[in-house]
Every structure is written in C-alpha cells, then in structure tokens.
Amino acid sequence: MTQTPIIQIQNVSKWFGPLQVLKDVNLTVNTGQKVVVLGPSGSGKSTLIRCINKLEDFQQGEIVVDGHALSTMQRLEPVRREVGMVFQGFNLFPHMTVLRNVMLAPIKLRGLSEKAAEERAMALLGRVGIAEQAQKHPTQLSGGQQQRVAIARALAMEPKVMLFDEPTSALDPEMIGEVLDVMRDLATGGMTMIVVTHEMGFAREVADRVIFMDKGELLEDAPPKEFFGNPRLDRAKQFLQRVA
Ligand code: ADP
Ligand code: MG
C-alpha cells in the first residue's frame, strides 16, 4: 500500500515568551492514520495540534499540511478547510440551533446554498445519532450530545484531517462512550485523525500509533501494543502507571 504523508511536522520549536513548549518535534502522519497523543499535563500536546491548523504559530521548523507549508502561509482558510478540530469544551454557538451550528461554516466558507448545507448538516447529525435534536439549542442538549454536534460541525467542512483535543475530558462519565463511538466510526471510515486523549482503551483499540510527549519533546512513537506493552522510556512508564 502506498503511504501518502498528509501532515509533516519538521523540526518544530515553539516558545511562549521565554518558555520553550515544543522542542524540535518531528512527526509525519500518512493519510488514513490514527495517531493518539499521550503525555502529562503541560507537555505541549494541545500546542502541537493547535499548530497544525494554525491556531498557534511556531518560531522554528515547518509544518506541511496536504502540501501547504504553514510557516509562510498568508491565509488561514486553505488549512482551516482541510483540518477540522474538536475541543474539550464544545464551543458551539449558543444562540443558534444545532442545525444552524452545523450549516454555518459550509455556507460562509464554502459557498454552499442553504438547501445543500441543510441536507449535509442533517445527514451528519444523523450520522452522529442526533438528527432529532436539530431544532434545539445547544444548551438543551447533554454534554455528550453537544460534543457530537461539534464533531458533525467539523465534518461539515469535509476536512481531510480531524484533530481532537481531549474531546471527552469535560464530559460526565456516562457520556464518554457515545462520543468515543462516533470517533471510532470516523476512524473505521478511514479519516485521518490525531487525538489527544486520556482514554487508554480508545488508544489501544483505534490508534495506529501512540505518540508520547513530555516537556515539549516527542519522546516515543510506537504502535499501541508496543507502547503499552513495553514502553521504552522511564518517563513513559511513569506516565502509564499514573493514568492506569
Ligand atoms: P498539554 O496540552 O500537554 O497539557 P499545552 O500545550 O496546553 O500542554 O501547554 C504546554 C505548555 O505551554 C505549558 O507549560 C503551558 O502552561 C504553556 N502554555 C500553553 N498555552 C500558553 C499560552 N497561551 N501562553 C503561555 N503559555 C502557554
Ligand atoms: Mg491540552
């Protein structure tokens, strides 16, 4: 099978003021791969994935997303339309219906007609199992439902890559499963995914590769069997003991 890189992170370093939060990070993700990013709080996981869709800038190195080099890119739009992101907080627009939330970006950024956007939105809401909630407002939904809407909203732009930053960390335990199920479906459908999560079961099952970060460094990159079964580094072992 040919492997096509869709994301290439090359020698990326980033500082917040005097604090270096990414240290010479290298990572290539091929089309269709599922990468789970693990690491202690403050290790740079969020910063790294936020760099991939240009929510953050970096000072050294390069990130290439589907042929677009981010460091010299003037406009955000080409990368934002290819890379969808789902956050810990659902970040839905509270004053709009669920349906409108999902329709908005395709109309504004992709020039879809109302009708086409509505059809796409309803299909996606069906896919994440909440078509019947389309006319409600986000606050009328549970956290798990809101996060599923957020996933549908990101998918509405037909991204080539989906980034997830701790998508279940703000949810009550009984709602985590429904969101992970949607993510599992997406993975099965072939989506390229980078997922920061503490859900080790999901990592074991879904990931092709587990990345371990600590203090801004990418320290391990291994298949989950290998990472969980036989972590190479003491720092990874200690991390796993803490989260297990
Ligand atoms: P993680 O997601 O692994 O918990 P982050 O990427 O959020 O880690 O943070 C990495 C480091 O960068 C931490 O030390 C954090 O305090 C710092 N940091 C994150 N965002 C900012 C910011 N906007 N300004 C200054 N420091 C930040
Ligand atoms: Mg984070």
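Residues numbered from 1 in each chain as written. Chains lettered and ligands numbered in written order. Predicted model: local features only at pLDDT ≥ 70, side-chain atom pairs only at ≥ 80, totals over all residues. Heavy atoms only, no water.

**Observations regarding the overall build of the chain**
Item 1. Each helix and strand counted, the chain has nine helices and ten strands in total.
Item 2. Here the chain has a C-alpha radius of gyration of 18 Å; the compact-globule value for 244 residues is 18 Å, and the two agree.
Item 3. Overall, the chain is about 50 × 45 × 40 Å in size when its C-alpha atoms are taken along their principal axes.
Item 4. Burial statistics for the chain: of 244 residues in total, 53% are counted as buried.
Item 5. Relative to all contacts within the chain whose residues are 6 or more apart in sequence, the contacts with residues 24 or more apart total 65%. (Helix = DSSP H or I, 4+ residues; strand = E, 2+ residues; numbered from the N terminus. Rg over C-alpha atoms; globule rule 2.2 N^0.38 Å. Buried < 20%, exposed > 50% of the residue type's maximum accessible area, 1.4 Å probe, protein only. Contact = heavy atoms within 4.5 Å.)

**Points about the site of ligand 1**
Item 1. Around ligand 1, the surrounding shell consists of Phe-16, Leu-19, Val-21, Pro-40, Ser-41, Gly-42, Ser-43, Gly-44, Lys-45, Ser-46 and Thr-47.
Item 2. Between an oxygen atom of ligand 1 and a main-chain N or O atom of Gly-42, the distance comes to 2.7 Å.
Item 3. A distance of 3.1 Å is found between an oxygen atom of ligand 1 and a backbone nitrogen or oxygen belonging to Ser-43.
Item 4. When ligand 1 is considered free in solution it has 560 Å² of accessible area, and contact with the protein chains removes 58% of it.
Item 5. Looking at the shell around ligand 1, the elements with two or more residues in it are β2 (19-30) and α1 (45-52).
Item 6. Looking at the shell around ligand 1 element by element, the count peaks at three residues for α1. (Near = heavy atom within 4 Å. Polar contact = N/O pair within 3.5 Å; in protein donor to acceptor, adjacent residues only side chain to side chain. Areas by Shrake-Rupley, 256 points an atom, 1.4 Å probe, with all protein chains shown as cover.)

**A closer look at the sheet that holds β2**
Item 1. The four strands lie next to each other as β2-β1-β4-β5, forming an open sheet whose pairing is antiparallel. On the outer flanks of this sheet lie β2 and β5 (68-69), each paired with one strand and no other.
Item 2. In terms of strand pairing, strand β4 (residues 60-65) meets β5 through two bridges, oriented antiparallel. Its bridge partner lying in β5, Val-64 is registered against Ala-69.
Item 3. Set on the sheet, α1 makes contact with β1 (5-16), β2 and β4; between it and β1 the angle comes to about 125°. (Pairing = 2+ DSSP bridges. Axes fitted to C-alpha atoms, helices over the stretch in contact; angles between N-to-C directions.)

**So, the UniProt feature "domain: ABC transporter" (unreviewed entry) in the chain**
Item 1. Per the UniProt record, "domain: ABC transporter" (unreviewed entry) is found at residues 7-240.
Item 2. Each end of residues 7-240 is marked by a C-alpha atom, and these two atoms are 27 Å apart; helix forms 38% of the span and strand 26%. (UniProt positions renumbered as here; feature names shortened; annotations may be inferred.)

**So, the pattern of salt bridges**
Charged atoms that come close allow side chains of opposite charge to pair.
Item 1. The full count for this structure, using the stated rule, is 19 salt bridges.
Item 2. A salt bridge links Arg-120 to Glu-158; the nearest nitrogen and oxygen atoms lie 3.5 Å apart. Of the two residues, Arg-120 sits in helix α4 (residues 114-127) while Glu-158 sits in the loop between α5 (143-155) and β7 (161-165), which places them 38 residues apart along the sequence.
Item 3. A salt bridge links Asp-214 to Arg-235; the nearest nitrogen and oxygen atoms lie 3.2 Å apart. Taken together, the residues span a long stretch of sequence, with Asp-214 in strand β9 (residues 209-214) and Arg-235 in helix α9 (residues 234-243) at a distance of 21 residues.
Item 4. Its relative accessible area of 30% is what places Arg-235 among the partly exposed residues.
Item 5. The network of salt bridges with common partners includes Asp-214, Lys-215, Glu-217 and Arg-235. (Salt bridge = Lys/Arg side-chain N within 4 Å of Asp/Glu carboxyl O.)

**Re the sheet that holds strand β3 (residues 34-38)**
Item 1. Strands sit in the order β6-β7-β8-β3-β9-β10 across an open sheet of six strands; the sheet is mixed. The sheet is open, and its two borders are formed by β6 (83-86) and β10 (217-222), each paired with just one other strand. Strand-to-strand, the axes of this sheet are offset by a mean angle of 20°, without reference to chain direction.
Item 2. The sheet strands contacting helix α6 (residues 173-188) are β3, β7 and β8 (192-196), and the helix crosses β8 at an angle near 150°.
Item 3. With respect to the sheet, α9 is in contact with β3, β9 and β10, its orientation differing from that of β9 by roughly 100°.

**Examining the packing of aromatic side chains**
Item 1. Across all of its chains, the model carries three aromatic pairs by this definition.
Item 2. Between Phe-212 and Phe-239 the ring centres are 5.4 Å apart and the planes differ by 50°, which places this aromatic pair in the tilted class. Of this pair, Phe-212 sits in strand β9 while Phe-239 sits in helix α9, placing them 27 residues apart in sequence. Taken individually, Phe-212 and Phe-239 each receive the classification buried, so the pair is uniform in this respect.
Item 3. We note Arg-153 situated over the ring of Phe-93; from NZ or CZ to the ring centre the distance is 5.2 Å.
Item 4. When the ring centre of Phe-228 is taken as origin, the NZ or CZ atom of Arg-204, which lies over that ring, is 4.4 Å away. (Phe/Tyr/Trp six-rings, centres within 6.5 Å; stacked < 30°, edge-to-face > 60°. Lys NZ or Arg CZ within 6 Å of the ring centre and 35° of its normal.)

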